[in-house]
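Commentary on secondary and tertiary structure
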Amino acid sequence: MNLKSPHLLGIEPLDAGEIALVLDTAESFAQISQREIKKVPTLRGKTVVNFFVEPSTRTRSSFEIAEKRLSADSLNFSTSTSSLVKGESLIDTAKNLEAMAPDFIVIRHSEPGAPHLLARVCRSSIVNAGDGAHEHPTQALLDAFTIRQRKGRLAGLRVAIIGDIAHSRVVRSNIHLLKKMGAEVVVAGPPTLLPLGLAGMGVTVTTSLDAALEGCDVVMMLRVQLERQKRGFFPSIREYFQLFGLTEERLRRAKSDAIVMHPGPINRGVEMASDVADGPASVILDQVTNGVAVRMAVLYLLAGGASHEALA
Amino acid sequence: MKLLLKGGRVVDPATKTDAVLDVLCEDGAIVKVAHDIPPGDAKVLAVKGLVVAPGFVDMHCHLREPGQEWKETIESGARAAAAGGFTAVACMPNTVPVNDERSVTEFIRARAREKACVRVYPIGAISKGLKGEELAEIGDLVAGGAVAVSDDGRPVVSGMLFRKVLEYASMFDIPVIDHCEDLDLSDGGVVNEGIVSTVLGLKGWNHTAEEVMVFRDLTLARETGGRVHIAHASTAGSVALVRDARARGVKATIEVTPHHFALTEEACRDFDTRSKMNPPLRTEADRRALLEGIADGTIDAIATDHAPHHSDEKSVEFSRAPFGIVGLETAVSLALDRLVASGLIGLPRLVELFSAGPSRILGLPGGRLAPGAPADITVLDTARTVVVDASAFRSKARNTPFDGWSLKGGPVATIVGGVLVHDVLTSRA
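In this text, all values refer to a predicted model and were calculated from it rather than measured experimentally. (Residues numbered from 1 in each chain as written. Chains lettered and ligands numbered in written order. Predicted model: local features only at pLDDT ≥ 70, side-chain atom pairs only at ≥ 80, totals over all residues. Heavy atoms only, no water.)

**What to know about the interface of chain B and chain A**
With 20 residues of chain B at the interface, the matching set in chain A holds 23 residues. Across the chain B to chain A interface the summed buried area is about 1,600 Å²; carbon plus sulfur atoms make up 56%. The largest contributions to the chain B side of the interface with chain A come from T198(B), F271(B) and E317(B), which together make up 35% of the buried area. Put simply, chain B and chain A have two salt bridges between them. Between D187(B) and R231(A) there is a salt bridge, with the nearest N and O atoms lying 3.0 Å from each other. The interface formed by chain B and chain A holds six residue pairs in polar contact (both at pLDDT 80 or more) in total. (Contact = heavy atoms within 4.5 Å. Buried area = accessible area lost by both parts, 1.4 Å probe. Salt bridge = Lys/Arg side-chain N within 4 Å of Asp/Glu carboxyl O. Polar contact = N/O pair within 3.5 Å; in protein donor to acceptor, adjacent residues only side chain to side chain.)

As structure tokens, then:
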């Protein structure tokens, strides 16, 4: 079995079987990072361009480490060095990259649909590393991997996602993934940060943090960009934290074994108190660790799955 | 020179005609509409089984000349209009330079006389440079041939300026056409705000940003007695507001585009920039409300908002692509298919929406098939299956979401001033 598309543009086009395949494959890759020699020859001779048209540290580092551990040759190409600033179109830049025959283009871009535009004109496999507020599929996959690691399953779990829903690509990919895998999703945030029609994605929507937390197995906190305050989405960080900040006390409404997640980077004292971020329920650093295995699995599967001997 | 259209079904709501009749044109005018007119020395166009209608008028298009000739020219736009069944078009002033002074209006008219195969009526700017600050010289624009004023594409933000233009333009009895968008509320949105913007993570353009401005315009029209025309209405609320205001005696008219009654926001699902337009495609409920307004008489005109763009300009990230699609060569087929073949309205109403309606709003001489009227005639074949082929467009642009669509009915001949400017009849099997 393999993925149906040569590209990973989002979670929305995947089916449950494909999601499970990525997660299962990632299990085998996870142990590579535990070894003394953290490298397998799986993608030897393959070239990956990490094309980051929007700043990113953690996602780019995670992809880069995944590529190196698979023995791929990788090139980082980011806005500061790109010709996009010189007025070249995205398609032309991508075609120039393609002329050097990479096998993968991992793209991070501020505009929704940018990876889809590349997929229409490129022969390489396109991996969406986050397109505006649209999707961030590898984040949702590493989140699911982390949940499965702790809970053993996804189906039947109650997952609360809290914060700036409107501007988050992480939440969209997570909603698609969790719904496809049979989890129940409740989202909460101030009404100004809840996009219209959200319930149409099959989630419960509330403006009460406590209601969202009630009885949940997983709490996912989203990053709140401080500049949103200036645009009138909420009056102050202080009030935001009072209404939506996760504290140990409020976390008690969740199940006793609930885990707390965050895609990072965290704003301590904005989305959550430090005692939660660093507390026993937090799996935030596990998410980062698992990101490498999941991205290795994605690249491996998009390369055709080849043979499992490479993993031995 | 004489031209006789023989044996067609003449559908002319302006003269309440719907019968099989012959139409005789001579020296650019219609001279006779009657049974069995002997041809004499007239050239005969056999139109048996076809519909003969007064010339269709597109009261809202962008011809891009002067200044953006890589997108379209007056010549290519007029050819597209003729191929689409239009005998006349009114072109918006957002050219480079802006049509905010008489010399530009006169340039457009001179260029049209030289190059265009259909009638071209310039629409002047409301404000100098479309900046929404000072009124353009509207009297001079009208003297130069402008038939209306509009800052189309650049909504008039200032309520006071909009009040002033309604007052001022009333001197010349021309409509003030408004692209209704509260820029603060639409907030840079690129698709309708709703499930599609939410799933795709694209900025939403809320329907209320249109309706707030429609309400403002209607309120000011009521106060001033001015003539406001609502361009490309896209929401259920806009149609309802106009319907209510008119019932209270406000002089308001309203147009809709074929894309807003044929498509919904769902067409943007795959980030296809050919479905990006302003106002954006809305919801199914909005689409149905537009159809209801078409059926119940609220809507006065169907207009294309023909907005040609080069494919390079559209082949970019969705948010960065320019708004707009071409419409001149698909509008009539879309209307015949979605409105008439579907049974929503009859042919007389369709002809009213394309001909008498816009002619009345703009004060044009056409819009009816009666002796003395200009010999501007659109011939339709309601049985013909039209497959949209963007690569064959006469327009310079190809930005249409309808490429490949199969539609029932289409224009087959276009006659301007008694001259056949487009004709697929002779090549018919």
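**Description of the pairing of strand β14 (residues 252–256) of chain B**
All names here are of chain B. With respect to burial, β14 is a largely interior element, five of its five residues being buried. Every second residue of β14 is oriented toward a common face, with A252, I254 and V256 on one face and T253 and E255 on the other, all of them buried. Two elements, strand β13 (residues 228–230) and β14, share three bridges in a ladder whose sense is parallel. Among the inter-strand pairings, I230 is bridged to a residue of β14, identified as I254. Chirality of the crossover, the property in question, places the unit of β13, helix α8 (residues 236–247) and β14 among those that are right-handed. By the bridge criterion, two bridges tie β14 to strand β15 (residues 301–302) in an arrangement that is parallel. Paired with V256 across the bridge in β15 is I302. (Buried < 20%, exposed > 50% of the residue type's maximum accessible area, 1.4 Å probe, protein only. Helix = DSSP H or I, 4+ residues; strand = E, 2+ residues; numbered from the N terminus. Pairing = 2+ DSSP bridges. Right-handed = clockwise from strand over helix to strand, strands pointing away.)

**Overview of helix α12 (residues 331–341) of chain B**
Residues and elements named next belong to chain B. The buried fraction of α12 amounts to nine of the eleven residues, a majority that puts the element mostly inside the structure. Of the residues making up α12, those classed as buried are A331, V332, S333, L334, A335, L336, D337, L339 and V340. Two residues or fewer after α12 comes G343, characterised by a positive phi angle close to 90 degrees.

**Concerning the environment of E181(B)**
Residues and elements named next belong to chain B. Position of E181 among the secondary structure elements: in the loop between β10 (176–178) and α5 (183–186). Among the residues examined, E181 registers a relative accessible area of 6% and is labelled buried. Sequence separation of E181 and T219 is 38 residues, and the distance between their C-alpha atoms is 15 Å. Sequence-distant contacts of E181, defined by excluding residues within four places in its chain, comprise P155, S186, W205, A209, M213 and N278. A polar contact is formed between the side chain of E181 and the side chain of H179, at a distance of 2.8 Å. Reaching out from E181, the side chain makes a polar contact with the side chain of N278 at a distance of 3.2 Å.

**Overview of the sheet that holds β14(B)**
Residues and elements named next belong to chain B. Taken in spatial order, the five strands make up an open sheet running β9-β10-β13-β14-β15, and their pairing is parallel. Lying at the two open borders of the sheet, with one neighbouring strand each, are β9 (149–150) and β15. Across the face of the sheet, helix α4 (residues 159–169) comes into contact with β9, β10 and β13 while running at roughly 150 degrees to β10. (Axes fitted to C-alpha atoms, helices over the stretch in contact; angles between N-to-C directions.)

**Topic: the sheet that holds strand β8 (residues 119–122) of chain B**
Residue and element names in this part refer to chain B. Overall, parallel pairing links the three strands, which are arranged β6-β7-β8 in an open sheet. The sheet is open, and its two borders are formed by β6 (56–61) and β8, each paired with just one other strand. Averaged over all adjacent pairs, the angle separating strand axes in this sheet is 20 degrees, with direction ignored. In this sheet, β8 lies alongside strand β7 (residues 86–91) in parallel orientation, the contact comprising four bridges.

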